[in-house]
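An overview of the molecular structure
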Amino acid sequence: MIGLGISQSISMLGIMQLGMVQFAEIIDYMASVERILEYTQLEKERPQLTAAGKFSVLFILFSVIIPLQDERPSASWPSKGAITFRNLVLRYVENQAPVLRGLNLEIFPSEKIGIVGRTGAGKSSLVAALFRLAPIEGEILIDGVDTKTLILKDLREKLSIIPQEPVLFPASMRFNLDPFNEFNDEKLWNVLEEVELKNEIPDLDFMVIDGGSNFSLGQRQLICLARAILRNKKILILDEATANVDPKTDQLIQKTIRRKFGHCTVLTIAHRLHTIMDSDRVLVMDSGNVVEFDHPYILLQNYTGYFSRMLMRAGPEVAHHMRNIAQEAYESRFITTHL
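Note that this is a predicted model, so its numbers are computed, not measured.

1. Section: helix H7 (residues 217–231)
In an α-helix, one full turn covers 3.6 residues, which means residues spaced three or four apart are oriented alike. Its 15 residues give H7 an end-to-end C-alpha distance of 22 Å, which sits within 8% of 21 Å, the value for a rise of 1.5 Å per residue. Across the 15 residues of H7, eleven count as buried, placing the element largely inside the fold. For H7, the full list of buried residues reads Gly218, Gln221, Leu222, Ile223, Cys224, Leu225, Ala226, Arg227, Ala228, Ile229 and Leu230. Check the buried side of H7 and you find it contacts strand S6 (159–162), helix H5 (173–177), helix H6 (185–194), strand S7 (235–239) and helix H8 (247–260).

2. A word on the sheet that holds S6
Read across the open sheet, the six strands follow the order S6-S7-S8-S3-S9-S10; overall the sheet is mixed. The open sheet terminates on both sides in strands that have one partner only, identified here as S6 and strand S10 (289–294). Between one strand and the next, the sheet's axes are offset by a mean angle of 20°, whatever the strand orientation. In this structure, S7 lies alongside strand S8 (residues 265–269), joined through five bridges in parallel fashion.

3. Some remarks on the UniProt feature "domain: ABC transporter" (unreviewed entry) in the protein
Taken from the UniProt record, the annotation "domain: ABC transporter" (unreviewed entry) applies to residues 83–312. Counted over residues 83–312, helix gives 30% and strand 24%. Its end C-alpha atoms are 31 Å apart.

4. Details of the side chain of Gln254
By the element assignment, Gln254 lies in helix H8. On the basis of relative accessible area, Gln254 is assigned to the buried category, the value being 10%. Non-local contacts of Gln254, meaning those with residues more than four positions away in its chain, are made with Thr242 and Thr275.

Scoring rules and cut-offs
Residues numbered from 1 in each chain as written. Predicted model: local features only at pLDDT ≥ 70, side-chain atom pairs only at ≥ 80, totals over all residues. Heavy atoms only, no water. Helix = DSSP H or I, 4+ residues; strand = E, 2+ residues; numbered from the N terminus. Expected span 1.5 Å × (residues − 1). Buried < 20%, exposed > 50% of the residue type's maximum accessible area, 1.4 Å probe, protein only. Contact = heavy atoms within 4.5 Å. Pairing = 2+ DSSP bridges. Axes fitted to C-alpha atoms, helices over the stretch in contact; angles between N-to-C directions. UniProt positions renumbered as here; feature names shortened; annotations may be inferred.

This is the structure:
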């Protein structure tokens, strides 16, 4: 009886292990259901009424006052790409401490801005504020237009972003590059050639598997870059776009951005400091505040500053190399131009 009990107990171990695995999967699936139910309870963004639609509603309901806040920008807006933050405050949860705390700064047209800071400093929240992904207090002016007065669709389609995690659709390459069918095939092939992917794509009807799993991570990021080049907007945001790619792809992305977006305002949230050492200015953030904002070469003159300390963590040899890059960029822009 003892031997029988032991043998049966051993066989039960496998069944118990399988049961625990299935129980963990059920918990995981239920967490997904919980998230979906939570999304259904989120506050919806305001409906987007055109000017004609608003007039019609007013005409029908002439006895009802409907606030008309959303405006339509001109087709050429933004023509310069100047961005001004005035007393910007952002909080994701009402009645909790803000993530961005009264930001005041001005970004000039066609300026290349590097944004650095520790995790939780508010770098990505700055992007969320630009796209109005969360309620904000204060003002964000793009070419003098307050973004809070604009319809969300009009605002977001005027900005280009290359995120850290590339977003691809389970559809054709043509749809991934041009989902609104605005460009001809020649332009699509041209942008693929710009990012050195033309020889990797057999045709524009080539299907992208869900999440782009039939491409490497670097190739997925290059497809997102090609999409941004095709849209050719005046403001480009790079949210640690090269954090997870190999150095060769990183170099290609940086080179292409400098060549194709020289006339644009570029905001780069940096994971690797060398990607922003030749920027026009570097914005250093900490706990939702601006602690330093100037050309990297000038910031590095303060050896006890935030930016200098961040650079020294990379090691003395790397820090020396980065300082040389910053100095060359500073002299090329200011001293050579002055002479």
